[in-house]
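# Working through the structure, step by step
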Amino acid sequence: DQFENLDKHTQWGIDFLERYAKFVKERLEIEQNYAKQLRNLVKKFTSCLSFYSILNELNDYAGQREVVAEEMGHKVYGELMRYSLDLKAERKHHLQEGRKTQQFFEQCWKHMDISKKKFERECKEAEKSQFSYDRLDNDINATKSEVEKAKSQLYLRTHMADESKNEYAAQLQNFNAEQWKHFHTSIPHIFKNLQAMDERRTVKLGETFRSFAEVERRVVPIVSKCLEGMVSAAKAVDERKDSAIVVESFKSGFVPPTDFPFEDFSQNLSRSDATSISNTPKGERERDKEVGGGSGGSSGGTRADPKHSMGKAKNKLWPFGKKPKVTAAAPRIPALRGLKRGAPSLEDFSHLPPEQRRKRLQLRIDELSKEDALNKMKDVYEKNPQMGDPSSLQPKISETICNMEKLRSEIHKNESWLSEVEAKPSSRGDRRHRQREFDDEFDDDDPMPVIGHCKALYSFDGQNEGTLVMAEDEVLYIIEEDKGDGWTRARKQGGEEGYVPSSYVEITMEKGSKGAVTYI
């Protein structure tokens with residue numbers, strides 16, 4: 001007799017299932033938005049090495065939140081929505097069976113009630129006929145025909161009352177049977193089906209609750225590794241190494257100034273050795289005496305040596321400008337013992353300050369110039385046979401002659417770079433601008449060396465001039481690091497070069513490459 005209440009309860013169960021599914025959907029949307037915001041946050045900060053490692057771990061953490069959202073959507077929300085549809089169809093089927101059983105039972109009761117009312121009505125009509133017949137039969141003034149008519153009417157009503165009685169008895173018996181079947185078989189069976197359905201709904205909710213928690217539990221180990229990676233990156237911060245990188249990146253390359261020499265302007269004055277008191281320092285007086293003694297023993301004052309004066313001019317300091325080029329003397333033969341056989345790696349040292357870059361380039365030019373020393377040694381031996389056999393140098397000359405053209409080319413390139421530094425010292429920003437402006441010219445003449453490689457995390461359309469189009473997961477070669485403006489110069493495997501956003505790529509520098517991406 002609680003069919004309506006069961007209808008309401010099962011509907012409430014399905015409504016709760018759908019509300020929980022909506023809760024899961026909103027939760028996974030929160031996870032997706034959280035992961036997206038984390039990834040966008042990671043893209044904004046890529047300047048420091050340890051912090052870059054932390055951002056990589058945070059990016060992996062965001063990936064795990066995306067995994068949580070995906071698993072929730074597939075194993076919880078999707079499963080709940082599919083089960084909700086099946087549950088609605090099953091509930092509808094059971095309720096339809098219940099309503100049919102209820103309608104059939106009501107029809108049986110209605111037929112029984114109709115037959116009962118008919119039997120009651122026929123009995124009342126028969127009683128009226130009986131009363132009319134008795135009245136006419138006792139009336140002495142009534143005719144025979146009236147009495148016979150009343151008698152036949154009584155017989156008819158009595159017969160109809162008997163038929164109504166039999167019909168009512170049959171309908172009552174049928175109704176009692178259907179009522180027993182209805183309350184003892186049909187309705188209990190439908191209610192049991194509804195109960196089983198509702199219990200399965202409860203079990204399914206419990207399973208989705210566990211699945212919801214398992215999704216979180218499965219990513220806990222990876223999330224823990226991400227957090228451990230962040231801690232390791234924090235421990236890897238080395239203040240001394242950072243300071244060394246800063247010093248290496250910003251040192252000017254100028255030699256600290258030496259002590260100013262004493263210049264004696266009183267050397268041309270004549271004075272008596274006995275009575276004159278010289279203010280010249282002791283070291284200068286002794287040196288003047290030695291110079292005077294070497295001039296043939298002249299007495300009195302000494303004259304400054306011209307070579308000595310020229311030496312002073314050569315030691316003149318240049319703290320705020322370019323140092324004058326020093327013409328190197330001809331290489332001595334013993335200096336060839338340490339002659340390098342391999343050509344130095346070709347690099348323009350563009351990441352260094354101007355003066356430091358000038359020194360590096362000059363040093364390389366000197367090293368490359370030493371490759372011609374064998375020919376010079378041979379000429380010396382030919383002019384001075386007593387020093388050795390010139391033919392002994394022929395194997396070494398043959399060994400290095402194949403590299404001479406390459407070395408001369410490298411010397412030319414280094415000299416051009418050196419002249420550029422000495423003529424127009426500029427800042428990193430100016431050099432970057434000039435380098436972007438003449439990329440095509442430099443690429444044709446002098447391809448930049450590869451210092452690392454990178455993998456594209458996202459696609460980049462490269463619509464601006466000088467930028468490089470790249471697809472997601474594409475591998476590129478790094479030929480110039482990020483100088484702090486957020487752009488890294490890369491080269492495709494086909495040779496195309498350009499700049500890509502540093503935050504769009506995962507960079508791996510080759511061991512021993514020059515320069516540094518970050519200070520931490």
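Everything discussed here concerns the structure shown above.
In this report, we go over the structure that sits alongside the text. Predicted model only: the values in this text are computed from it and were never measured.

Rules used in this analysis
Per chain, the residues get numbers from 1 upward, laid out in the order the sequence is written. Totals for whole chains, interfaces and linings use all residues, but because this is a predicted model, local features are given only for residues with pLDDT of at least 70 and pairs of side-chain atoms are given and counted only at 80 or more. The side-chain figures draw on all heavy atoms in the structure; neither hydrogens nor water molecules are used. Secondary structure follows DSSP: runs of H or I at least 4 residues long count as helices, runs of E at least 2 residues long count as strands, and numbering of each begins at the N terminus. For the exposure calls, accessible area comes from a 1.4 Å probe over protein chains only, and a residue counts as buried if that area is under 20% of its type's maximum, exposed if over 50%, partly exposed in between. Note on areas: Shrake-Rupley with a 1.4 Å probe; residue coverage comes only from the protein chains shown. Lines fitted to C-alpha atoms define the axes here, with helix axes fitted over just the stretch in contact, and angles between the N-to-C directions of these axes take values from 0 to 180 degrees. The scheme is simple: roughly parallel for angles under 35 degrees, roughly antiparallel for over 145, roughly perpendicular for 65 to 115, oblique for anything else. Note on convention: the crossing is left-handed when the near helix lies turned anticlockwise from the far helix by less than a right angle, right-handed when the turn is clockwise. The nonpolar class holds Ala, Val, Leu, Ile, Met, Phe, Trp, Tyr, Cys and Pro. Asp, Glu, Lys and Arg form the charged class, and all remaining residues, Gly among them, are polar. Stacked, tilted and edge-to-face are the three classes assigned to paired rings of Phe, Tyr and Trp, where Trp is represented by its six-membered ring and a pair needs centres within 6.5 Å; plane angles under 30 degrees give stacked, over 60 edge-to-face, the rest tilted. Take a side-chain nitrogen of Lys or Arg and a carboxyl oxygen of Asp or Glu: if they are within 4 Å of each other, that pair is a salt bridge. It only takes one pair of heavy atoms within 4.5 Å for two residues to be counted as in contact. At least two bridges found by DSSP between two strands are what make those strands a pair. Within this scheme, the nonpolar core is defined by two criteria: the residues are buried Ala, Val, Leu, Ile, Met, Phe, Trp, Tyr or Cys, and they are joined through side-chain atoms within 4.5 Å. Patches were defined on residues exceeding 30% relative accessible area and lacking a salt bridge, with like-charge contacts within 9 Å and nonpolar side-chain contacts (Val, Leu, Ile, Met, Phe, Trp, Tyr) within 5 Å. In this tally, Asp and Glu contribute negative charge and Lys and Arg positive charge; neither His nor the terminal groups of the chain are included.

Per the secondary structure count, the protein includes 11 helices and five strands. When each of the 520 residues of the protein is scored for burial, the buried share is 30%. When the accessible surface of the protein is summed, it comes to about 34600 Å², and 54% of that surface belongs to carbon and sulfur atoms.

Axis separation between helix α1 (residues 3-44) and helix α2 (residues 49-138) bottoms out at 8 Å; the angle between their running directions is 165 degrees. On the basis of their axis angle, the class for α1 and α2 is roughly antiparallel. Along this stretch, α1 crosses α2, giving a crossing that reads as left-handed. In terms of residue class, the contact of α1 with α2 is built from 25 nonpolar, eight polar and 11 charged.

A few words on the packing of aromatic side chains. Two measures describe an aromatic ring pair: the distance that separates the ring centres and the angle between the ring planes. Under the counting rule described, the total for this entry stands at 11 aromatic pairs. Ring geometry for Tyr 20 against Phe 209: centres 4.8 Å apart, planes inclined by 85 degrees, an arrangement best described as edge-to-face. Of this pair, Tyr 20 sits in helix α1 while Phe 209 sits in helix α3 (residues 144-235), placing them 189 residues apart in sequence. With relative accessibility at 10%, the residue Tyr 20 sits in the buried group. Ring centres of Phe 119 and Tyr 168 lie 5.9 Å apart, and the angle between their planes is 5 degrees; this geometry places the pair in the stacked category. In this pair, Phe 119 is assigned in helix α2 and Tyr 168 in helix α3, connecting sequence segments 49 residues apart.

With that settled, consider the pattern of salt bridges. Counting across every chain of the model gives 23 salt bridges. Two residues, Arg 39 and Glu 66, come together in a salt bridge whose shortest N-O distance is 2.9 Å. Taken together, the residues span a long stretch of sequence, with Arg 39 in helix α1 and Glu 66 in helix α2 at a distance of 27 residues. We classify Glu 66 as partly exposed; its relative accessible area is 32%.

Tracing the backbone through its elements, the reader meets Glu 122 in helix α2. Residue classification places Glu 122 among the buried residues on the basis of a relative accessible area of 7%. Once you skip the residues sitting within four places of it in the chain, Glu 122 turns out to touch Arg 157, Met 160, Ala 161 and Ser 164.

On to the sheet that holds strand β1 (residues 452-456), then. If you walk across this open sheet you meet the five strands as β4-β3-β2-β1-β5, and the pairing is antiparallel. Of all the strands in the sheet, just β4 (497-501) and β5 (505-509) have a single pairing partner and so form its edges. The sheet shows a mean angle of 40 degrees between the axes of neighbouring strands, taken without regard to direction.

Backbone geometry at Asp 473 places phi at a positive 70 degrees, although glycine is not the residue there. With respect to the element layout, Asp 473 can be found in the loop between β1 and β2 (475-480).

Counting 34 residues, the largest nonpolar core has Tyr 20, Val 24, Met 72 and Leu 80 as the members making the most contacts within it. Taken together, the elements giving at least two residues each to this core come down to α1, α2 and α3. Non-local contacts of Val 24, meaning those with residues more than four positions away in its chain, are made with Met 72, Val 76, Tyr 77, Leu 80 and Phe 212. Counting 11 residues, the second largest nonpolar core, distinct from the first, contains Ala 456, Phe 460, Leu 476 and Val 500.

On to a nonpolar patch on the surface, then. On the surface, Leu 41, Phe 45 and Phe 51 cluster together into a nonpolar patch covering about 250 Å² of accessible area. With respect to the helices, strands and loops of the structure, Leu 41 is situated in helix α1.

Right, let's talk about the pairing of β1 for a bit. Side chains Gly 452, Cys 454 and Ala 456 of β1 all project onto a buried face; the interleaved residues His 453 and Lys 455 project onto a face where none is buried. Across four bridges, the pairing between β1 and β2 is antiparallel. Counterpart to Gly 452 in the pairing with β2 is Ile 478. Direction of pairing for β1 relative to β5: antiparallel, over a ladder of five bridges. Directly across from His 453, in β5, lies its bridge partner Thr 508.

The next thing to look at is the environment of Tyr 83. On the secondary structure map, Tyr 83 appears in helix α2. The buried category is assigned to Tyr 83, whose relative accessible area is 15%. Not counting the four nearest positions on each side in its chain, Tyr 83 is found in contact with Leu 17, Met 197, Arg 200, Arg 201 and Lys 204.

Looking at the element boundaries, Glu 178 is found in helix α3. Buried within the structure, Glu 178 lacks any salt-bridge partner; its nearest side chain of opposite charge belongs to Lys 181, at an N-O separation of 5.0 Å. Among all residues touching Glu 178, those that are not within four sequence positions of it are Phe 104, Phe 105 and Cys 108.

Moving on, we come to the packing of α1 against α3. At a minimum axis separation of 11 Å, α1 and α3 run at an interaxial angle of 15 degrees. Compared by their axis directions, α1 and α3 come out roughly parallel. Handedness of the crossing formed by α1 with α3: left-handed. For the contact of α1 with α3, the per-class residue count stands at 15 nonpolar, four polar and five charged.

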